[in-house]
Structure formats: C-alpha cells, structure tokens
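Summary of structural features
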Amino acid sequence: MSLRNKQYLYVLGIIAGIALVIAGAFFKDAEIKGLMGICIGVGAGLIGMFVANLIILRIETKHPQAFVQKKIEEKDERNRMIWDKTRAKANTIIMMAVMPILTLVFVLIDAELYVILAMVGLILLNAGLYIGYSNYYNNRL
Amino acid sequence: MRNRLEELRKKTGITQEALADRLEVSRQTIGSLESGRYNPSIVLAFKIARFFGVNIEDIFIYEEEN
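I will try to describe carefully the structure that is included in this document. Because the structure is predicted, anything quoted here is derived from the model rather than measured. (Residues numbered from 1 in each chain as written. Chains lettered and ligands numbered in written order. Predicted model: local features only at pLDDT ≥ 70, side-chain atom pairs only at ≥ 80, totals over all residues. Heavy atoms only, no water.)

**Concerning the nonpolar core**
All names here are of chain B. Of all hydrophobic cores here, the largest spans 18 residues; its most connected members are Leu-19, Ile-48, Phe-52 and Ile-59. Those elements giving two or more residues to this core turn out to be α1 (5-12), α2 (16-23), α3 (27-35), α4 (42-52) and α5 (56-59). The greatest single-element share of this core, amounting to five residues, is contributed by α4. (Core = buried A, V, L, I, M, F, W, Y, C linked by side-chain atoms within 4.5 Å. Buried < 20%, exposed > 50% of the residue type's maximum accessible area, 1.4 Å probe, protein only. Helix = DSSP H or I, 4+ residues; strand = E, 2+ residues; numbered from the N terminus.)

**Re α4(B)**
Among the residues making up α4(B), those that are buried are Leu44(B), Ala45(B), Ile48(B), Ala49(B) and Phe52(B). The buried residues of α4(B) all sit within an arc of 135 degrees when viewed along its axis, so they share a single face. Turned more than 90 degrees away from the buried face of α4(B), the exposed residues are Ile42(B), Val43(B) and Arg50(B). Those residues of α4(B) hidden inside the fold are in contact with α4 (77-108) of chain A together with α1, α2, α3, α5 and β2 (60-61) of chain B. Gly53(B) occupies a position one or two residues after α4(B) and carries a positive phi of about 70 degrees. (Arc of directions from axis to C-beta. Contact = heavy atoms within 4.5 Å.)

**Re the pattern of salt bridges**
In the structure shown here, the tally under the stated rule is nine salt bridges over all chains. What emerges from the salt-bridge pattern is a single network uniting Lys70(A), Lys71(A) and Glu74(A). (Salt bridge = Lys/Arg side-chain N within 4 Å of Asp/Glu carboxyl O.)

**Overview of unusual backbone geometry**
At Asp110(A), a residue that is not glycine, the phi angle is positive and equals roughly 60 degrees. Notably, Glu24(B) is not glycine yet its phi reads approximately 60 degrees, a positive angle. Along the chain, Glu24(B) falls in the loop between α2 and α3. Exposure remark for Glu24(B): the relative accessible area of 48% places this residue in the partly exposed category.

Below you can see the structure in the form of structure tokens.
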C-alpha cells in the first residue's frame, strides 16, 4: 500500500472513530446504555490507534533511514528468536506457575464458582492451543 | 560452532555496521555471531559466505560436542 493510501486509510479510521463517539452520545436510554459505552470505547480506541499510525507514518516519511533500520530490526532473525523465546518463557511462567497458584488461592478463599471455572477454562484453552499449534507445525514443518 | 567471521570482516576492512547493512541484519547480530553467542540460520550463513565469496565451511567450523 502506498504512503498516500495509508494516509487516507488512517484519516478514514479517525473519522470512523469520531463518528462512533458521537453516535455513542445519542444512546442515553437506560436499555441501550451499554451500547453507549461500547461505541465511545471502540471509537476512542480507533481514534488513538489511527492517530498513532499517522504520527508513525509522518516520522517514516521524514526519516526514511530510521524507517529502513526499523524494518531491518524487525526482520532480523536473532531479534525474532529473542522475541519468540521471550514470549514462550513469559507464557510458560504465567500458565505453569501463576495461573495454577492463583486458581488454588481462589479455591482456598472460597471464591465464586464462575471465577474458578474461568481460571480453569483459561488453563485448558492454553493447553488446547498448545496441542493444536504443535500438531499444525508438526504437519507444516 | 566456531566461525571466522571477525577475521574475514577485518581482512576485508569492513565495519560491523557496514556488514550488517549489507546483510540486512542488525549490528548486534553481527556482534553475537562474531563472539560465537549466536549461530546463524542456513540462509544467513549462505548470505555471509556469498558476501565474502567463500564456502560456508570456510567461515563456520562445526565441532563435535563431547
């Protein structure tokens, strides 16, 4: 996508965000108040994201060399390996230690059943994703 | 795995930054390769060998681990 098209896309995103925030202001009835929160939340998120993208695009066009260097850093195989290992370690610590301990604590303090079930569900989801992706990469690689 | 990257680079008279630019990797990757902390992928090993005009085995020396 060309720089100009990217610029148009980001401006459109900002306009969509503003439109959502304005639309949210009209949902004042008690029944659709939840919708108001969603509209304002999503709208503000869109505005923030696309304004940030526009700023990055401006920096890229003003400092093309820095942009090239950034792309090299992103594609660099050692950096990718570092990021993959870091993500894997962080995930292992959270899912193998933090989540089970937290679930046990919730059981011991007699927390609501849905809280405990949600925690167990997350652990099972993680295990399912692990098995699924292991199979996927075993077949692909 | 040992390598002769630093030796070849210095012989060519090129800096780590310049080599990194030519190979499209970060300067830190070149530093890590030279110090032996990081072993390159086969693609990067080929790029390095082609850049210096030698075979991969002339740069990267595999040693059996005991």
